[in-house]
Amino acid sequence: MRLPSLCIMNHHYSFYSLEYFFKSVSEIGYQFAEIWTSPQHFYMDYNGFENPDILKKLEEKYQLKIIGICPEQTNPKPNNMAAKSPEMQKRVLSYFKNAIDLAKAVDAKQVVVTSGWAYYDEPKNNAYKRSVDMLKNVSEYAEKKGMNLAIEALQKDESLLANSVIELSELVQEVNCPSLNICLDTGAMVKAGNSIQDYFDYFGKKVVHSHFVDVDDSVTHLALGDGNCDIKSEIKHLNQNNYAGYLSVEVAEKRYFKNPVLADKKSFQVYQKATGKG
């Protein structure tokens, strides 16, 4: 049975150049990357995006394949799937279309999306309906382009719309588009009290990607080995469900910003030990 491959993201390299990220993680031994489109690394907005050749040249130089695109979309970023005003909705749709086009240009496997978020001073259901409508539009565009979307649950302090596996399932069913698949974010999973098995019981083969992180009592998105999760057991459960995607380590805590390489070395070593490769 094939073990899921480890992948690394660039979020915690915010104070370093994109090339430093590619060089550093390649030297550690990573072979796959998911690119978070932060403007300091690779600029993308609703008008367009930088030349994809920038990414292709880095891929080739450091032998690091980009397997996914993760657009900026969490508050206070403007790219809210549940955007309220018609003008913002037009910009959001254009933004995610650009993310899909970028993913196609670099031959990535998926684009990560979320439900977006609601204003606290409006009925939750109003924002939920807007999210469904926008996700339908984005999903239909992805289907035309032959690109998978992978939607992840958000934590309660990020959004009110889809936090648990049940809520995510209801949202995906309402959108009802084949291109909309699932990203299993283990941080959101733990905070919602769900399990890896819950995700496969609800979604089966629609689980095409994973943001794979460690979690302690108060913080998610830690380097592997820095929290309380049983990484070996989690990989075992993914394997038992024939998970065929990547495990993308989404380190996002500020504690790692000065020395992100140490975090990535630890994640790599913990993964190697958990899979018997180290």
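What counts and how
Residues numbered from 1 in each chain as written. Predicted model: local features only at pLDDT ≥ 70, side-chain atom pairs only at ≥ 80, totals over all residues. Heavy atoms only, no water. Helix = DSSP H or I, 4+ residues; strand = E, 2+ residues; numbered from the N terminus. Buried < 20%, exposed > 50% of the residue type's maximum accessible area, 1.4 Å probe, protein only. Contact = heavy atoms within 4.5 Å. Areas by Shrake-Rupley, 256 points an atom, 1.4 Å probe, with all protein chains shown as cover. Lys, Arg positive; Asp, Glu negative; His and termini not counted. Charge placed at Lys NZ, Arg CZ, Asp CG, Glu CD. Axes fitted to C-alpha atoms, helices over the stretch in contact; angles between N-to-C directions. Parallel < 35°, antiparallel > 145°, perpendicular 65-115°, else oblique. Left-handed = near helix turned anticlockwise from the far one by under 90°. Nonpolar A, V, L, I, M, F, W, Y, C, P; charged D, E, K, R; others polar. Pairing = 2+ DSSP bridges. Arc of directions from axis to C-beta. Salt bridge = Lys/Arg side-chain N within 4 Å of Asp/Glu carboxyl O. Polar contact = N/O pair within 3.5 Å; in protein donor to acceptor, adjacent residues only side chain to side chain.

1. Structural notes on the overall build of the protein
- What the protein contains, in helices and strands, is nine helices and eight strands.
- Each of the 278 residues in the protein was classed as buried or not, and the buried ones make up 56%.
- Sequence-distant contacts, at least 24 apart, represent 78% of the contacts inside the protein between residues at least 6 apart.
- Accessible surface, the protein as shown: approximately 12400 Å² in total, 48% of it carbon and sulfur.
- Taking the average location of the 32 positive side-chain charges in the protein and that of its 35 negative ones, the two points are 3 Å from each other.

2. Notes on the packing of helix 4 (residues 124–145) against helix 5 (residues 165–175)
- Two elements in contact, helix 4 and helix 5, have axes separated by 9 Å at closest approach and are oriented at 55°. In terms of orientation, helix 4 lies oblique with respect to helix 5. By crossing handedness, the relation of helix 4 to helix 5 is classed as right-handed. Side by side, helix 4 and helix 5 meet where Lys-124, Tyr-128, Ser-131, Val-132, Leu-135, Lys-136 and Ser-139 of the first sit next to Glu-167, Glu-170, Leu-171, Glu-174 and Val-175 of the second.
- Each residue belonging to the contact of helix 4 with helix 5 can be placed in one class, and the counts come to five nonpolar, two polar and five charged.

3. Side note on the environment of Val-270
- Secondary-structure assignment places Val-270 in helix 9 (residues 260–274).
- Sequence separation between Val-270 and Ser-26 is 244 residues; the distance between their C-alpha atoms is 17 Å.
- If sequence neighbours within four positions are ignored, Val-270 has contacts with Leu-224, Gly-225 and Ile-231.

4. Re the sheet that holds strand 4 (residues 110–113)
- Read around the closed barrel, eight strands run 1-2-3-4-5-6-7-8, paired in parallel fashion. Taken pair by pair, the neighbouring strands of this sheet meet at an average axis angle of 30°, ignoring direction.
- Inspection of the sheet shows strand 4 paired to strand 5 (residues 148–151) by four bridges, in the parallel sense. Paired with Gln-110 across the bridge in strand 5 is Asn-148.
- Of the strands in this sheet, strand 4, strand 5 and strand 6 (180–185) touch helix 4, which is tilted by about 145° from strand 5.

5. Overview of helix 5
- Buried within helix 5 are the following residues: Val-165, Leu-168, Ser-169, Leu-171, Val-172 and Val-175. Buried residues along helix 5 cover an arc of 165° about the axis, so they all sit on one side.
- Against helix 4, strand 5, strand 6 and helix 7 (196–203) lie the buried residues of helix 5.
- Of the residues trailing helix 5, Asn-176 is marked for its positive phi of about 55°.

6. With respect to the pattern of salt bridges
- Applying the stated criterion across every chain, the model contains six salt bridges.
- The partner of Lys-65 in a salt bridge is Glu-59, and the shortest N-O contact between them spans 3.0 Å.

7. So, the packing of helix 1 (residues 18–28) against helix 9
- The contact between helix 1 and helix 9 brings their axes to 10 Å, and the two run at 35°. Crossing handedness for the pair helix 1 and helix 9: right-handed. Seen from helix 1, the contacting residues are Tyr-20, Ser-24, Val-25 and Ile-28; seen from helix 9, they are Val-261, Asp-264, Lys-265 and Phe-268.
- Residues of the contact of helix 1 with helix 9, tallied by class, amount to five nonpolar, one polar and two charged.

8. Details of the pairing of strand 1 (residues 5–9)
- Buried residues dominate strand 1, accounting for five of its five residues.
- Covered by surrounding structure in strand 1 are Ser-5, Cys-7 and Met-9 together with Leu-6 and Ile-8, the residues of both alternating faces.
- With four bridges connecting them, strand 1 and strand 8 (residues 246–249) associate as parallel partners. Bridging across to strand 8, Leu-6 finds its partner in Leu-247.
- The pairing of strand 1 with strand 2 (residues 32–36) spans two bridges and is classified as parallel. Across the sheet, residue Ile-8 finds its bridge partner in strand 2, namely Ala-33.

9. Notes on the side chain of Glu-122
- Following the sequence through the fold, Glu-122 ends up in the loop between strand 4 and helix 4.
- For Glu-122, the side chain forms a polar contact with the side chain of Arg-130, separated by 2.9 Å.
- In contact with Glu-122, not counting residues within four places along its chain, are Lys-84, Ala-127 and Arg-130.

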